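# Tertiary structure, described
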Amino acid sequence: MSFTLAIVGRPNVGKSTLFNRLVCKKLALVDDQPGVTRDLREGAARLGDLRFTVIDTAGLEEATDESLQGRMRALTERAVEMADVCLFMYDARMGIMPADEVFADILRKKSAKVILAANKSEGRAADAGVIEGFNLGLGEPIRLSAEHGEGLSEMYDVLMPIS
Ligand code: GDP
Ligand code: MG
């Protein structure tokens, strides 16, 4: 059985970097809901012997501070509905920010199945931020570096039972 994984999280944490690393074929822009057109990208992903659909949430980057929360909420809820599991990514170098807490609340309220990923985790500078992730109450974060391709085998181990 295949599954769909949605990558969610605030702008600039590295969602698209991971999406691009996982995807072997871009499938579609998801455009069946007004307002989120072009904001969800779908791809056929490969991780080891796993094959699945991955969704990248974009469209937050150009939002203003005032519109960001509403857009985050709408997009994340939409992605959660489409996905079997969400990979909630934060920036381990920055640690947990207020916006990350907002995402955690949305995911909790939606009862989404969540994999927590501490990205930009290469090097010791990320150690404290990785630990902060436990405070979100979403379990143990996977230590990931999307840019350097680190932590993918840990991600595989978590996704394998879902497939
Ligand atoms: P998105 O807005 O969440 O989709 O984030 P992007 O994928 O566009 O990445 C935002 C920035 O973070 C870019 O400059 C990336 O090169 C950088 N980035 C992504 N992954 C990593 C990582 O693992 N380590 C570091 N140091 N930088 C990263
Ligand atoms: Mg992006």
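Scoring rules and cut-offs
Residues numbered from 1 in each chain as written. Chains lettered and ligands numbered in written order. Predicted model: local features only at pLDDT ≥ 70, side-chain atom pairs only at ≥ 80, totals over all residues. Heavy atoms only, no water. Near = heavy atom within 4 Å. Polar contact = N/O pair within 3.5 Å; in protein donor to acceptor, adjacent residues only side chain to side chain. Areas by Shrake-Rupley, 256 points an atom, 1.4 Å probe, with all protein chains shown as cover. Helix = DSSP H or I, 4+ residues; strand = E, 2+ residues; numbered from the N terminus. Nonpolar A, V, L, I, M, F, W, Y, C, P; charged D, E, K, R; others polar. Buried < 20%, exposed > 50% of the residue type's maximum accessible area, 1.4 Å probe, protein only. Arc of directions from axis to C-beta. Phe/Tyr/Trp six-rings, centres within 6.5 Å; stacked < 30°, edge-to-face > 60°. pLDDT = per-residue confidence, 0-100. Salt bridge = Lys/Arg side-chain N within 4 Å of Asp/Glu carboxyl O.

- The name given to the protein in an unreviewed UniProt entry is GTPase Der, and the organism recorded there is Octadecabacter arcticus 238.

### With respect to the site of ligand 1
- Taken together, 15 residues surround ligand 1, and among them N12, K15, T17, E122 and E147 come closest.
- At 3.0 Å from an oxygen atom of ligand 1 is found a main-chain nitrogen or oxygen belonging to G14.
- For ligand 1, whose free accessible area comes to 580 Å², the fraction covered by protein is 75%.
- Among the elements that make up the shell around ligand 1, the one with the highest residue count is helix α1 (residues 15-22) (three residues).
- When grouped by side-chain class, the residues that make up the shell around ligand 1 number three nonpolar, six polar and six charged.

### Section: unusual backbone geometry
- Located in the positive-phi region is N12, a residue other than glycine, with phi close to 80 degrees.
- Following the sequence through the fold, N12 ends up in the loop between β1 (4-8) and α1.
- Unusually for a residue other than glycine, K120 sits at a positive phi of about 60 degrees.
- Mapped onto the elements, K120 comes out in the loop between β6 (114-119) and α4 (127-132).
- For K120, a relative accessible area of 24% puts it in the partly exposed group.

### Observations regarding helix α5 (residues 152-159)
- Within the span of α5, buried status applies to L152, M155 and L159. One side of α5 holds all its buried residues, which, seen down the axis, span an arc of 55 degrees.

### Points about the packing of aromatic side chains
- Per the stated rule, a full pass over the model turns up two aromatic pairs.
- When the ring of F3 is compared with that of F52, the centres are 4.8 Å apart and the planes differ by 10 degrees; the resulting orientation is stacked. Of this pair, F3 sits in the segment before β1 while F52 sits in strand β4 (residues 50-57), and the two are 49 residues apart along the sequence.
- Taken together, a centroid distance of 5.9 Å and an interplanar angle of 35 degrees make the contact between F88 and F103 tilted.

### A few points about the confidence of the model for the protein
- Model confidence for the protein is summarised by a mean pLDDT of 88, while 87% of its residues fall at 70 or above.
- For the protein, per-element mean pLDDT is lowest for strand β2 (residues 23-30), which scores 73, and highest for strand β7 (residues 142-143), which scores 98.
- Of the two predicted TM-score estimates for the complex, the pTM is 0.91 and the ipTM is 0.99.

### Here's the deal with α1
- What α1 keeps buried is the set K15, L18, F19 and L22. The buried residues of α1 occupy one face: seen down the axis, they fall within an arc of 105 degrees.

### Observations regarding the pattern of salt bridges
- Applying the stated criterion across every chain, the model contains eight salt bridges.
- Between D56 and R41 there is a salt bridge; the shortest N-O distance is 2.8 Å. On the criterion of sequence distance, the pair formed by D56 in strand β4 and R41 in strand β3 (residues 40-47) is long-range, its members being 15 residues apart.
- Across the salt bridge formed by R108 and D105, the nearest N and O atoms sit 2.9 Å from each other. With R108 and D105 both in helix α3 (residues 98-109) and three residues apart, this pair spans about one turn of that helix.
- According to the relative accessible area criterion, R108 is partly exposed, its value standing at 41%.
- Classification of D105 as partly exposed rests on a relative accessible area of 36%.
- What emerges from the salt-bridge pattern is a single network uniting R124, D127 and R143.

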